[in-house]
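Each chain is listed here by its residues.
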Amino acid sequence: MSYDESLSSDQELERFMNGLIRRNPGEEDFHQAVHEVAATIIPYIHDKPHYRIPHILERMTEPDRIVTFRVCWEDDEGNVRVNRGYRVQCNNAIGPYKGGLRFHPDVTLSTLKFLAFEQTFKNSLTGLPMGGGKGGSDFNSKGKSDREVMRFCQAFMTQLSRHIGQNTDVPAGDIGVGAREIGYLFGQHKRLTNEFTGVLTGKGLSYGGSLVRMEATGYGAVYFLEDMLKEKGTTLEGKTAVISGSGNVATFAAKKLMALGAKVVTLSDSSGYIYDPDGLTEEKLNYILELKNVRRGRISEYAKEYGVKFVEGKAPWEVPCDVALPCATQNELNKEDAEALVKNGCIAVSEGANMPTEEAGVAVFLAAGVAFAPSKAANAGGVAMSGLEMSQNSARISWAEVDLNKQLRDIMGKIHDTCVLYGREGDHINYVKGANIGGFIKVADAMLAYGVL
Ligand code: NDP
């Protein structure tokens, strides 16, 4: 593709997206994630030929490497099962590939390419030396026994282990990959290689994990929200919060919101949402943690236990609130949802999940002056803490909870500052633009330093 100086930013964006869609047919999530970035980066580099001429953005959208493999395992009845495994190694310009593993029946290559691309910008924003990657499988752990999950994880790692390493690629958890799965995956890697290294993060505390890792994504999304509200001259005290999801990110976001004086009135899972107008309490949150992590039950059971409303098949965006945190999955908040939130008085949105808001929904928030934190900034706390877990593993030390919490708070504050620096538009902050440009510059400069690779 040659460089054409006569094109306007809009024409350049159109040409760029046409090429990307042609090269990656049918990968709609990936197209969406790239478009969200390109729409702010192309105008930014329009008058910067040192980024434009060497086609840095084109190179960033072509992953360094993609590995796919068969994962063959036996269920409890002795039936042979076959799943597909993936690892997308997107960009290692500023450090080893780093990003989670997702086990969910909806996982496709497109999902993982979008997540790996986003991860590259997110990891750059943390200021830590981590490249971007993502992996996973279409394996569905719902209804599987612990032994079946173990056999699947062992089979998955047997293949994945050829492609990862503490200096090469360091996976972590994501949807469907929590403490149980990380334990099985790490154990199998150790058995295969006869090495105890920090090849995964999100590990248990007894085998090299870091304090605060479990909490970090949810806490970080709330810290970012706190900073956005401060910028608007207000705080979380007394605010009503609506959250989707009831997994790792959602539950710890809820915990931190409560600690900072907000009232959390919803949580959800893929079957619907609960609305508790009195708000969650510590006791209710402990019930959810046990329900989801030990009994692996459904959120509707909370409604029965506490006599509140369960709304089947819907996300919670129709519930009036001051702040909203989508913490379940991608594209769970559309244009109509965004309009409902704005109409009901929502002033800030912090994305705990990856790309949970459709582009048309983002446009509604930006037009209405809602402080909107895109996932690559808002949920970077998890991978930041993973970076700190890698540092602790390399040095064979463990840092104290209070120090890690402070580092997490500082990192989220710095990401907010970066977004303000690159996203200020008059008296408004465009956090989407700020996060994209802030994440882009470091990776782009490293790529330029390496020449044509
Ligand atoms: P979990 O597996 O712990 O929880 C996922 C939650 O989302 C569950 O409540 C699940 O419900 C719900 N969910 C999943 N798919 C859907 C769907 N299609 N529709 C509605 N609800 C759905 O995952 P995490 O909390 O770890 O991850 C949540 C989001 O946060 C993801 O986007 C992930 O990429 C992102 N993230 C996670 C990080 C981490 O550190 N864990 C770091 C950065 C981002 P159900 O049980 O019914 O499936």
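All figures in this text were calculated on a predicted structure; none of them were measured in a lab. (Residues numbered from 1 in each chain as written. Predicted model: local features only at pLDDT ≥ 70, side-chain atom pairs only at ≥ 80, totals over all residues. Heavy atoms only, no water.)

**Side note on the sheet that holds strand β6 (residues 240-244)**
In space, the seven strands of this open sheet follow the order β9-β8-β7-β6-β10-β11-β12, with mixed pairing throughout. On the outer flanks of this sheet lie β9 (309-312) and β12 (371-373), each paired with one strand and no other. Mean inter-strand twist for the sheet, computed between neighbouring axes without regard to direction, equals 15 degrees. Here β6 pairs with strand β10 (residues 323-326) via four bridges, running parallel. Residue pairing across strands places serine 244 opposite proline 326, the latter belonging to β10. Its contacts with the sheet put helix α9 (residues 248-259) on β6, β7 (263-269) and β10, and the angle it makes with β6 is roughly 170 degrees. (Pairing = 2+ DSSP bridges. Helix = DSSP H or I, 4+ residues; strand = E, 2+ residues; numbered from the N terminus. Axes fitted to C-alpha atoms, helices over the stretch in contact; angles between N-to-C directions. Contact = heavy atoms within 4.5 Å.)

**Section: the environment of tyrosine 287**
Among the structural elements, tyrosine 287 can be located in helix α10 (residues 282-293). Taking relative accessible area as the criterion, tyrosine 287 reaches 14% and is therefore assigned buried. The contact partners of tyrosine 287, leaving out residues within four places of it in the chain, are Arg295, Glu301, Tyr302, Glu305 and Tyr306. A distance of 3.4 Å separates a polar side-chain atom of tyrosine 287 from the backbone oxygen of glutamate 301. (Buried < 20%, exposed > 50% of the residue type's maximum accessible area, 1.4 Å probe, protein only. Polar contact = N/O pair within 3.5 Å; in protein donor to acceptor, adjacent residues only side chain to side chain.)

**Side note on the domain arrangement of the protein**
Annotation of the protein at the domain level lists domain 1 (65-196) and domain 2 (214-373). Considering only the surface of domain 1 that becomes buried against domain 2, Phe114, Lys142 and Arg180 emerge as the three largest contributors, covering 46% of it. Broken down by element, the side of domain 1 that touches domain 2 gets its largest block of residues, four residues, from helix α5 (residues 109-125). Per-class residue counts for the side of domain 1 that touches domain 2 are three nonpolar, one polar and six charged. (Domains from an automatic or database assignment. Buried area = accessible area lost by both parts, 1.4 Å probe. Nonpolar A, V, L, I, M, F, W, Y, C, P; charged D, E, K, R; others polar.)

**Some points on the pairing of strand β5 (residues 169-172)**
Side chains of β5 alternate between two faces, with Asp169 and Pro171 and Val170 and Ala172 buried alike. Sheet topology places strand β3 (residues 97-103) next to β5; four bridges connect them, and they run parallel. Opposite glycine 99, over in β5, you have proline 171 as the bridge partner.

**Quick notes on the side chain of threonine 201**
Note on placement: threonine 201 falls in the loop between α7 (179-193) and α8 (213-231). Among the residues examined, threonine 201 registers a relative accessible area of 0% and is labelled buried. In terms of polar contacts, threonine 201 uses its side chain to reach the side chain of lysine 98, at 2.9 Å. Here serine 386 takes part through its side chain, which lies 2.8 Å from a polar atom of the side chain of threonine 201. Sequence-distant contacts of threonine 201, that is, excluding residues within four places in its chain, are made with Lys98, Val170, Pro171, Ala172, Gly173, Ile182, Ser386, Glu389 and Met390.

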